[in-house]
Structure formats: structure tokens, C-alpha cells
Amino acid sequence: MNLNSLVSPFMIAFLSFGSATTVLFWAKWMGLLIRITDPNASRGLLEGKVTRYELASEASLAILAVATCVLYPLVSKYAFEPYLLDTFGVAFGLGRSNMMVTVLMVGMTLAVPGILLFISRRSRNGLSSPYMSGRVTGPGLTFKGSKGAELHVATRSYYLEGIFGEERLLKGGIGLGVLLVLITLGTVLI
Amino acid sequence: MKGIEIYVAIAYVIFGPLVGGLIDGFDRVLTARLQGRVGPPLLQPFYDLRKLFSRRIAPVNRLQLPLIASHLIFAMLTGVLFFYGSDILLIIFVLTLASVFLVLAAYSTGSPYSTIGAERELLLMTAYEPMIIIALVGLYGVAKSFNFYQIVSSTMPAYLYLPGIYLGLVYVLMMKLRKSPFDISTSHHAHQELVMGLTADMGGPALGLVELAHWYESVYLFALVFLFFSSSWIAAVIGLVVTFSLIVLLDNATARVRWELALSFAWTVALVAGAGNLIPFYLISRGLP
């Protein structure tokens, strides 16, 4: 039994929890970005605030990120595998069927909603207003509350203080950080 | 065995909703009996679906329907890849993607009830994902494969080696199948503070698509449970019946938990029953020649 097989099941446990929190982070962010409070409002209000330079750098970042995902098998084959072979003498390639599935997944992630969105743009179905347990009075999430008062819906975010909490993370983070620095110093000095 | 995969995958696309709907029907009959009611006929879910599809399409915005349809397509794709014999660890990401599309569809409406449902669904996803990944790696440890058919043809009884992981998986399946005590994001019954949560702003055919996706999902989720008992047919039948009955019983016997509890309980279960089973199993099986 070598160290590798001792560590790997722990690694899997770490990875499984890390994967879940990554999904929470990205999906929540994307969800907040695509919230459409008023489908009939004119476009470009928010985008107007973004400068051209910012837009250019962010657009190239987005294009590169998508390209990396789509070209992942090629990156693996021509960049990682030669490097691994060179450094460690062994290489772990992505299996051919897994590669196919990965490309299929990324391709479909882009294509499916894109095509469907294109189709739905042409549809002439009327839009209904979101449910707000009160009579909706107009665009932008306003409704008639009690005594005829017009109320606006506002949602606020929540923080998982009890579970992840900044204070808890800080305590553990300082400890782990100090440990890492010590290990780094140790390896350099030795 | 070779060559059968493609037919099973096609059969899944065609008959998946039939099996999923029947599971739903059995669930409703069993639930009614537990509550001392006669309950709906077995085929009621299909009647409900037909009714939903007969209604007018009235989305809240132009983004909603494409996102819901994507949810259905990716839920189907998960099952197709699963039964086609693709790497089940990779499939988990398609499964996650399918759920993300549903959450995004709810977010896009902007309505408070949908938003709360979407937030809670995201927390549930965070809660159940670690356990599902641990379960798949556990199955790999027993069968030395991530392929559905190779795990099925393995003679090692996974439930004997991975009892903790099996129980942990059933625990998180309650979330995935929208069962009490974890039906906090949406449920088949309206909740007071949530209305319908995630699906509050989906009506008619849109809700029908979500229901259809749910049927597709429940088929491969029970297929995942089946993998723990696939070493013998008797074990498989008993295992699936017991798991199903347990889930329905718990659904009827428990009150809903708060979302904080759902998250911290599920992670504790994943850590104690899941990782607590996986790590010793791996260390022991690798220590032996």
C-alpha cells in the first residue's frame, strides 16, 4: 500500500463536497443575472453602464472560457499528457468515450437552450404575469396589497452564516494558511 | 451483453415516462392507503399530465419555456447516457446541469415564490450532491467500473459492502424525489408560505414538461438504487420494494425541515454514513491483495 491509495479516498470525499458548493455558487450567480423582473422593459439599461473596455475584456474572457471547455479534449491530449509523460513518466489520458461525452455535454449546454430560445422568440403566445399572491398592477413586480396600497416586491440575499460563516472560515483559514506557509518554508529550508 | 446498450437507451426514452408515471401512481395509491383514504386510480398521474398539456401556454417571459425544455432534455440525456453505459461519474454533471436549468427557469420569472423555491432547490442540490458522488465512487470500488452494465454484471453484493452509502443515498433520494421532510423547494402539494415554490410560475404544458422530466429522473434514480442490489434478482426486487416503501413511509410520517437543517443534516449524513463507509472500504480493499 502506498501513500497514494491512502490519500485518494479522502480526496474523493473532499472533491464531492467541493463540487456541490461550486454548483451553488455559479448557479445562484447565473440565476440572479437572468432574473427578468419586467419582460417588456427596454433592453440595454444595465449594459449601458458598462464601459467599452470592460465589455471587451469580459467578452474575450467569456469566449476563452467557453473555448477552453469545448477544446478540453485537445488541451488534454496536446498539453497535459505530454507534460505528465515528461515530468512523471506516466500519462493519464481521458478515455475516448468520456471525451465524447464531455464534448457532447458542453456542446449541448450551448446549443439546446440557444436553439430553444430562438424558437420561442418567434412564438406569439401571450405572456402572463408572475404569481405574487395579490393583484399584479404593472410591470416590475408591483402588486395591490391590502387597503389598495401598491406594493413592490423586493428580495434580499441570505448568508449561510451558521454553516460556512465568515468568522468560522477565518479561524480555520488562518490556521491552514499558517500551516501551508510553514510547510513551504520547511521544504525550502530542507 | 455488447450491443444491448443502445436498445436499452432507446427503450428508456420511449418507456421511461411510462415507468416513472407508474412509480408516481403507486406512490399516490400507497400514500392514500397510509392516510386511510382510497386515493386516486393508479393511472391518475397520466390523466393529470394529459390535462396539463391541454392547457394554454402562457409563460411569464420568453426565457422560461426554453429553460424548462432544456431541463427536460438534459434529464432525458442523463438517463440515456446512464443506460447507454457511459461513465456514471460524468453523468452526474449532466444530472446537475438538468437541475440547474430548472432553477434558472424559476429564477428568470423574478416572482418571490419562484425565487424562494429556486434558492431552496439550489441548497438541496448542494445538500445531495456530495452523497451521490460518494455513492458512485463506492459502487466503483465494488465493481471496479463506472459502467452501468459492468456494475450490474458484478457478482459482489454492493449493499453488503456499502450499507452506509446505501442508506445515505436513500436519504438524499428523498430530496431528489421531492419527498417530505425535504420537500422544501416545491412539492406536489401547495405549501402555505411557498405556494408551489420552484414551479409557482409554471402552468399548463410548462408544468407538464417539469412533471415529465421528474418521471424520467425517478427511473434512473431507482436504477441507481438497483445497482446496490444487482448481484441477485431476489435481492434486487426486495431492495427496490423496501427502498420505495421506506421513502413513501417517511414522506408520510415526517414534517418538513428548515433549509438549514436539510443542508447540515445531509452533509453530516454524507460525511458520516457516506465517507465513513467509503474510506474504510477503500483502505481495506486496497490493503488486501
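Let me begin by describing the structure that accompanies this report.

Calculation notes
Residues numbered from 1 in each chain as written. Chains lettered and ligands numbered in written order. Predicted model: local features only at pLDDT ≥ 70, side-chain atom pairs only at ≥ 80, totals over all residues. Heavy atoms only, no water. Helix = DSSP H or I, 4+ residues; strand = E, 2+ residues; numbered from the N terminus. Rg over C-alpha atoms; globule rule 2.2 N^0.38 Å. Buried < 20%, exposed > 50% of the residue type's maximum accessible area, 1.4 Å probe, protein only. Areas by Shrake-Rupley, 256 points an atom, 1.4 Å probe, with all protein chains shown as cover. 1 Å grid on protein atoms, 1.4 Å probe; cavity = no way out; pocket = protein on both sides within 12 Å on 5 of 7 lines; lining within 4 Å. Points joined across faces, edges and corners; volume = space filled by probe spheres on them. Nonpolar A, V, L, I, M, F, W, Y, C, P; charged D, E, K, R; others polar. Contact = heavy atoms within 4.5 Å. Axes fitted to C-alpha atoms, helices over the stretch in contact; angles between N-to-C directions. Left-handed = near helix turned anticlockwise from the far one by under 90°. Pairing = 2+ DSSP bridges. Buried area = accessible area lost by both parts, 1.4 Å probe. Salt bridge = Lys/Arg side-chain N within 4 Å of Asp/Glu carboxyl O. Polar contact = N/O pair within 3.5 Å; in protein donor to acceptor, adjacent residues only side chain to side chain. Patch = residues over 30% accessible without salt bridge, like charges linked within 9 Å, V, L, I, M, F, W, Y side chains within 5 Å. Expected span 1.5 Å × (residues − 1). Bend = angle between axes of the 7 residues up to and from the residue.

Okay, the overall build of chain B next. Secondary structure summary: chain B contains eleven helices and zero strands in total. In chain B, the succession of α and β elements from N to C terminus is α-α-α-α-α-α-α-α-α-α-α. Relative to the globule expectation of 19 Å for 289 residues, the C-alpha radius of gyration of chain B, 19 Å, shows essentially globular dimensions. Counting the 289 residues in chain B, one finds 62% classified as buried. Counting every atom, chain B has about 11,200 Å² of accessible surface; 71% of that belongs to carbon and sulfur.

Broken down by element type, chain A carries five helices and three strands. Helices (α) and strands (β) of chain A occur, in sequence order from the N terminus, as α-α-α-α-β-β-β-α. Among the 190 residues that make up chain A, the fraction classed as buried is 20%. Total accessible area on chain A stands at roughly 14,500 Å², and carbon and sulfur atoms take up 69% of it.

Glancing now at empty space enclosed by the protein. Residue and element names in this part refer to chain B. For the coordinates displayed, the defined rule picks out four cavities of 30 Å³ or more. Of the voids in this model, the largest cavity is the one considered here, and its volume is about 140 Å³. Surrounding the largest cavity, 13 residues form its lining, Ile23, Asp24, Asp27, Lys179 and His214 being those nearest its centre. Class assignment of the residues belonging to the lining of the largest cavity gives a composition of six nonpolar, four polar and three charged. The space that makes up the second largest cavity amounts to roughly 100 Å³. Lining of the second largest cavity is provided by Thr78, Phe82, Ile88, Ile91, Ile92, Leu95, Ile132, Leu136, Tyr220, Leu221 and Leu224. Sorting the residues of the lining of the second largest cavity by element identifies α3 (64–84), α4 (88–109), α5 (112–143) and α9 (205–228) as the ones contributing at least two each. Considering each element in turn, the lining of the second largest cavity owes the most residues, four residues, to α4. Looking at side-chain class alone, the lining of the second largest cavity contains ten nonpolar, one polar and no charged residues.

Let us look at the side chain of Thr186 of chain B. By the element assignment, Thr186 of chain B lies in the loop between α8 (163–176) and α9. Setting aside residues up to four positions removed in sequence, Thr186 of chain B forms contacts with Arg178, Leu194, Met196, Leu198 and Thr199 of chain B.

Residue and element names in this part refer to chain B. Taken as a whole, the second largest pocket holds about 760 Å³ of empty space. Lining the second largest pocket are 35 residues, with Arg28, Ser187, His188, His189 and Glu211 sitting closest to its centre. Counting residues per element, the lining of the second largest pocket draws most heavily on α9, at six residues. Of the residues assigned to the lining of the second largest pocket, the class counts are ten nonpolar, 13 polar and twelve charged.

Residues and elements named next belong to chain B. Where helix α2 (residues 44–53) meets α9, the axes come as close as 7 Å, and the angle between the chain directions of the two elements is 145°. When the axes of α2 and α9 are compared, the crossing they make is left-handed. Contact residues: α2 offers Pro45, Phe46, Leu49, Leu52 and Phe53, while α9 offers Pro205, Leu207, Gly208, Leu209, Glu211, Leu212 and Trp215. For the contact of α2 with α9, the per-class residue count stands at ten nonpolar, one polar and one charged.

Glancing now at the sheet that holds strand β3 (residues 150–152) of chain A. Residues and elements named next belong to chain A. The strand order β1-β2-β3 describes an open sheet built from three strands, whose pairing is antiparallel. The two strands at the open ends of the sheet, each matched to only one other strand, are β1 (135–138) and β3. Here the average twist between neighbouring strands, direction ignored, is 45°. Two elements, strand β2 (residues 142–144) and β3, share three bridges in a ladder whose sense is antiparallel. For Thr142, the partnering residue across the bridge sits in β3 and is His152.

Moving on, we come to the interface of chain A and chain B. For interface size, the figure often reported is the accessible area lost on association. Each partner contributes to the interface: chain A provides 53 residues, whereas chain B provides 59 residues. A buried area of about 5,100 Å², summed over both sides, lies between chain A and chain B, and 76% of it is on carbon and sulfur atoms. On the chain A side of the interface with chain B, the three residues burying the most area are Phe17, Met105 and Tyr131 of chain A, jointly 12% of the side's total. Where chain A touches chain B, the interface holds one salt bridge. Put simply, Lys28 of chain A and Glu119 of chain B hold a salt bridge, and the shortest N to O gap is 2.8 Å. In this structure, the connection of chain A to chain B is made through three residue pairs in polar contact (both at pLDDT 80 or more). Of all the secondary structure elements, the ones that give two or more residues to the side of chain A that touches chain B are α1 (3–33) and α4 (96–121) of chain A.

Residues and elements named next belong to chain A. On the surface, Val66, Val70, Leu71, Tyr72, Leu74, Val75, Tyr78, Phe80 and Leu110 cluster together to form a nonpolar patch covering roughly 810 Å² of accessible area. Taken together, the elements giving at least two residues each to the nonpolar patch come down to α2 (52–70) and α3 (72–88). Take the nonpolar patch: its biggest share by element is five residues, from α3. With respect to the element layout, Leu74 can be found in helix α3.

Another aspect to go through is α4 of chain A. Helix length check: α4 of chain A (26 residues) gives 37 Å between terminal C-alpha atoms against 38 Å at 1.5 Å per residue, within 8%. Met108 of chain A marks the point of greatest bend in α4 of chain A, at about 30°. Taken together, the buried positions of α4 of chain A are occupied by Asn98, Met99, Val101, Thr102, Met105, Val106, Met108, Val112, Pro113, Leu116 and Ser120 of chain A. Looking at the buried positions of α4 of chain A, the neighbouring elements they touch are α2 and α3 of chain A together with α3 and α4 of chain B.

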